[in-house]
Amino acid sequence: AEYQMSKDYLFNNTINVLMLDNEEKDLKMIKSYFSSNYIYIRIIKNIIEAKSELKKNKIDCLIIDIALPNNQGFEFIQKLKNDRKLQHVPFLIVTSRGFVKDRIQGYKYGCSAYLSKPFDPTELQHTIKNIVHQKNVLKEKIISNYFLIKKLRHSIVKKYKNIFKETIILKLTSKEELILSYLLDNRRIKYIAKQLNSQIRTTEKSISKLLDKTQTRNNKELKSLPWNLI
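First, a word on what this report is: a plain description of the structure on this page. From a predicted model like this one, the values you see are computed outputs, not experimental measurements.

### Points about the overall build of the protein chain
- Scanning the protein chain for helices and strands turns up 11 helices and 5 strands.
- Taken over 230 residues, the protein chain has a buried fraction of 43%.
- Across the protein chain, the fraction of contacts at a sequence separation of at least 24, relative to all contacts at a separation of at least 6, is 65%.

And the structure:
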């Protein structure tokens, strides 16, 4: 059921976007343009409403103008990335502030794109679609790997019971399975730690436990196991 829901989500034509901006002129223009392009934009003018909306509804992408009063734009982004329930939401910055230091700070916090005002609505439209597409592709790969691992556990024990101990293979935790799916997707430790909202050292310890349980010495040896044999 979980995998099917993900498939439905991937092929849903409507993209739900939340926009945090307080410039009335830009908001009306954007909403009018995107209403006919399969992108539904809900406009919010303050960070309190924005955070509430993100928690209540499934948002595919967040657009934020960092030029909010009292530098609240970057402050909100920082809080968003530190919130485990919301940090998965991709965001892009659309602003009249074109300083290099702002761009660097935006990318440092993980923004997917940085567009300067005035901008071309068509460019924003395709930027949003690309961000959501990349997010969904990655999500599908992770889910696919996760279910592949679930399916292979018994198969590997059966085919290679003279090499592996059954109790070892069948005792992977959900966190270890998720880490394994990232490793099979050739993700680096720094990336995995970020996705798990964990320290790099803590993630390295989890990977070490995973290597012990699969009786492998390193990540290369772990990935060389016959995961594709069903």
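### Considering the sheet that holds strand 1 (residues 15–20)
- Strand order in the open sheet formed by 5 strands is 2-1-3-4-5, and the pairing between neighbours is parallel. Two strands close off the open sheet at either side, each with one partner strand: strand 2 (39–44) and strand 5 (113–116). Here the average twist between neighbouring strands, direction ignored, is 20°.
- Relative to strand 2, strand 1 runs parallel, the two sharing 6 bridges. Looking at the pairing, Asn16 lines up with Tyr40 of strand 2.

### With respect to unusual backbone geometry
- For Asn186, which is not a glycine, the phi torsion comes out positive at approximately 60°.
- With respect to the helices, strands and loops of the structure, Asn186 is situated in the loop between helix 8 (174–184) and helix 9 (189–195).
- Classification of Asn186 as exposed rests on a relative accessible area of 58%.
- Of note in the backbone geometry, Asn197 takes a positive phi value of approximately 55° without being a glycine.
- In this fold, Asn197 is placed in the loop between helix 9 and helix 10 (200–213).
- Its relative accessible area of 37% is what places Asn197 among the partly exposed residues.

### Structural notes on the packing of helix 8 against helix 10
- For the pair helix 8 and helix 10, the least separation of the axes is 10 Å and the interaxial angle reads 90°. Classified by the angle between their axes, helix 8 and helix 10 sit roughly perpendicular to one another. Contact residues: helix 8 offers Lys175, Glu176, Ile179, Leu180 and Leu183, while helix 10 offers Ser206, Ile207, Lys209, Leu210 and Lys213.
- Broken down by class, the residue content of the contact of helix 8 with helix 10 amounts to 5 nonpolar, 1 polar and 4 charged.

### Looking at the nonpolar core
- Residues Leu54, Ile77, Phe91 and Ile93 are the most contacted members of the largest nonpolar core, which totals 21 residues.
- For this core, the secondary-structure elements that each account for two or more residues are strand 1, helix 3 (47–56), strand 3 (61–64), helix 4 (72–82) and strand 4 (91–95).
- If you tally residues by element for this core, the top one is helix 4, at 4 residues.
- Other than its neighbours up to four places away in sequence, Ile93 contacts Ile64, Ile66, Phe74, Ile77, Gly106, Cys111, Ala113, Tyr114 and Leu115.
- By size, the runner-up hydrophobic cluster in this structure holds 18 residues, among which are Val17, Phe34, Ile39 and Leu92.

### Describing helix 10
- Taking 1.5 Å as the rise per residue, helix 10 with 14 residues should run 20 Å; its terminal C-alpha atoms sit 20 Å apart, in good agreement.
- Along its buried surface, helix 10 packs onto helix 8, helix 9 and helix 11 (219–223).
- Backbone geometry just downstream of helix 10 places Gln215 in the positive-phi region, at approximately 55°.

### Focus: the packing of aromatic side chains
- Scanning the entire structure with this criterion turns up 2 aromatic pairs.
- For the pair Phe74 and Tyr109, a centre-to-centre distance of 6.0 Å together with 50° between the ring planes defines the contact as tilted. Note that Phe74 is positioned in helix 4 and Tyr109 in the loop between helix 5 (100–108) and strand 5, a separation of 35 residues in sequence.
- Take Phe74: its relative accessible area is 2%, and that puts it in the buried class.
- Arranged with centres 5.9 Å apart and planes meeting at 75°, the rings of Tyr182 and Tyr191 form a pair that is edge-to-face.
- The class of Tyr191 is partly exposed, set by a relative accessible area of 23%.

### Brief notes about the pattern of salt bridges
- One pass over the full model with this rule turns up 6 salt bridges.
- As a salt-bridge pair, Glu75 and Lys79 come within 3.4 Å of each other at their nearest N and O atoms. Here Lys79 and Glu75 lie together in helix 4, a separation of 4 residues that amounts to about one turn.
- The class of Glu75 is partly exposed, set by a relative accessible area of 36%.
- Residues participating in the shared-partner salt-bridge network are Asp21, Asp65 and Lys117.

About the thresholds
- Numbering of residues starts from 1 in every chain and runs along the sequence as written.
- Given that the model is predicted, a residue must reach a pLDDT of at least 70 before its local features are reported, and side-chain atom pairs must reach 80 or more before they are shown or counted; all residues, however, enter totals for whole chains, interfaces and linings.
- Side-chain descriptors were evaluated using all non-hydrogen atoms of the structure, hydrogens and water having been removed beforehand.
- Secondary structure elements follow DSSP: runs of H or I of four or more residues count as helices, runs of E of two or more count as strands, with numbering from the N terminus.
- Any residue under 20% of the maximum accessible area for its type is buried, any over 50% is exposed, and the rest in between are partly exposed; the area is computed with a 1.4 Å probe on protein chains only.
- By definition in these notes, contact holds between two residues if any of their heavy atoms fall within 4.5 Å.
- What makes two strands pair is DSSP finding at least two bridges between them.
- Lines are fitted to the C-alpha atoms to define the axes, a helix being fitted only along its stretch in contact, and any angle between axes, read from their N-to-C directions, falls within 0 to 180 degrees.
- For classification purposes, an angle smaller than 35 degrees is called roughly parallel, one larger than 145 roughly antiparallel, one from 65 to 115 roughly perpendicular, and anything else oblique.
- Residues were grouped as follows: Ala, Val, Leu, Ile, Met, Phe, Trp, Tyr, Cys and Pro as nonpolar; Asp, Glu, Lys and Arg as charged; and all remaining residues, including Gly, as polar.
- Nonpolar cores are built from buried Ala, Val, Leu, Ile, Met, Phe, Trp, Tyr and Cys residues. Side-chain atoms within 4.5 Å join them into one set.
- Here, expected helix span is obtained from the residue count minus one, scaled by 1.5 Å.
- Here a pair means two rings of Phe, Tyr or Trp (six-membered ring of Trp) with centres within 6.5 Å. Their orientation is stacked below 30 degrees between planes, edge-to-face above 60, and tilted elsewhere.
- Salt bridge, as used here, is a side-chain nitrogen of Lys or Arg placed within 4 Å of a carboxyl oxygen of Asp or Glu.

Structural measurements only, silent on function.
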